[in-house]
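Residue strings, one per chain:
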Amino acid sequence: MAGQTDPHISLFSPQEVEFMAEDELVKIVPNMNMDPLNFISGDFGRFVPQIPTEVPLWLAVALKRRGKCTFRPPEWMTVDNLTQILEAERESQSTFQALPFSYVEIARLLFDHARDDIPDMYMVRSLVEDIRDVRLHKLETNLGSFQGTSAVKISNVSAMEVNLVRPFVRRALEAFYKHDKPEADVDRDTRSSRQQREANNEPRRPLRQR
C-alpha cells in the first residue's frame, strides 16, 4: 500500500497519530499522595497510593518516568485476548475485530515506557504486531476490490489504518469519478439534445387574435 512505503503520502505522520493517541485514558496505580491536577482537558486525581485511577496516556507516561506510578495494562492487552483476536482476524477476510481506535499507538507507548508493567511483554508485542500485519493485509485486499464511486464502509478500523488507507481511497475514488464522468457528460448532453428536439417538434399553439 502506498502509505506504508511513502510516509509523505499519508495524511498524518506516525508521530502525529501517536500524539493524538496520548489523550486516551489509561489506568495507573500511584505510589504517592497528590492533589488533583487541573488541565484544560479535565481534572485528574486525587492520587492515593495503591488506588487505581484513570489519566490521559501522556500524563501516565510523565508520572511513570518520574517513578510516581505503575501502569495497569488495558484488558485487551493480555496474551489470551490478543490470541483470540488474532485467530478471529485470520478467520474472516471481510471483518475487523473491535480494538481501541489507537491500539497500535497505545501498545507502542506502553512497550517503550512501561514494559516492566506488562506481563509476558514480548509475547504481547509479537501478537500486537501480528494483528497489525493481518489487518493491513486485509485492508489492502478489500480496497483492491473497489468498484464504482459509492461510499466505502469498513468497521473497527484503527487510527493508524485509517491514516494509511485514506490517501489511497481518495485517489481511487477520484480515478473512478474521472473514469465515469465522460460517460455522464455524454448522457447529459444526449438527454439535453433529445429534449431540445422534442421541444422543437411540438405543435405551436396559434396566437389568439385581439
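The rules behind these values
Residues numbered from 1 in each chain as written. Predicted model: local features only at pLDDT ≥ 70, side-chain atom pairs only at ≥ 80, totals over all residues. Heavy atoms only, no water. UniProt positions renumbered as here; feature names shortened; annotations may be inferred. Axes fitted to C-alpha atoms, helices over the stretch in contact; angles between N-to-C directions. Helix = DSSP H or I, 4+ residues; strand = E, 2+ residues; numbered from the N terminus. Parallel < 35°, antiparallel > 145°, perpendicular 65-115°, else oblique. Contact = heavy atoms within 4.5 Å. Nonpolar A, V, L, I, M, F, W, Y, C, P; charged D, E, K, R; others polar. Pairing = 2+ DSSP bridges. Phe/Tyr/Trp six-rings, centres within 6.5 Å; stacked < 30°, edge-to-face > 60°. Buried < 20%, exposed > 50% of the residue type's maximum accessible area, 1.4 Å probe, protein only.

As named in an unreviewed UniProt entry, the protein is DNA replication complex GINS protein PSF2, taken from Cardamine amara subsp. amara. Recorded under Subunit (unreviewed entry), the UniProt text for the protein is reproduced unchanged: "Component of the GINS complex."

Asker: I keep staring at the packing of helix 3 (residues 57-65) against helix 5 (residues 103-113) and nothing clicks. Help me out?
Answerer: To describe two helices that pack against each other, one gives the angle between their axes and the distance between the axes. The N-to-C vectors of helix 3 and helix 5 enclose an angle of 5 degrees; their axes lie 11 Å apart at closest approach. Here helix 3 is positioned roughly parallel relative to helix 5, judged by the angle of their axes. Taking contact as the criterion, the partners of Leu-57, Val-61, Lys-64 and Arg-65 in helix 3 are, on helix 5, Ile-106, Leu-109, Leu-110 and His-113. Considering only residue class, the contact of helix 3 with helix 5 consists of five nonpolar, one polar and two charged.

Asker: Can you walk me through the pairing of strand 1 (residues 25-30) in this structure?
Answerer: Here is the key point about a regular strand: its side chains alternate between the two faces of the sheet. Summarising the sheet, strand 1 and strand 4 (residues 53-56) pair through four bridges and their orientation is antiparallel. Note that in strand 4 the partner of Ile-28 across the bridge is Thr-53.

Asker: Would you mind going over the packing of aromatic side chains with me for this structure?
Answerer: Applying the stated criterion across every chain yields a total of three aromatic pairs. Here the aromatic rings of Phe-39 and Phe-44 are separated by 6.3 Å at their centres, their planes lie at 40 degrees, and the arrangement is tilted. Phe-39 gets classed as partly exposed once you look at its relative accessible area, which sits at 31%. For Phe-44, a relative accessible area of 12% puts it in the buried group. Seen from their ring centres, Phe-39 and Trp-58 are 5.2 Å apart, and the 80 degrees between their planes marks the pair as edge-to-face. In this pair, Phe-39 is assigned in strand 2 (residues 37-39) and Trp-58 in helix 3, connecting sequence segments 19 residues apart.

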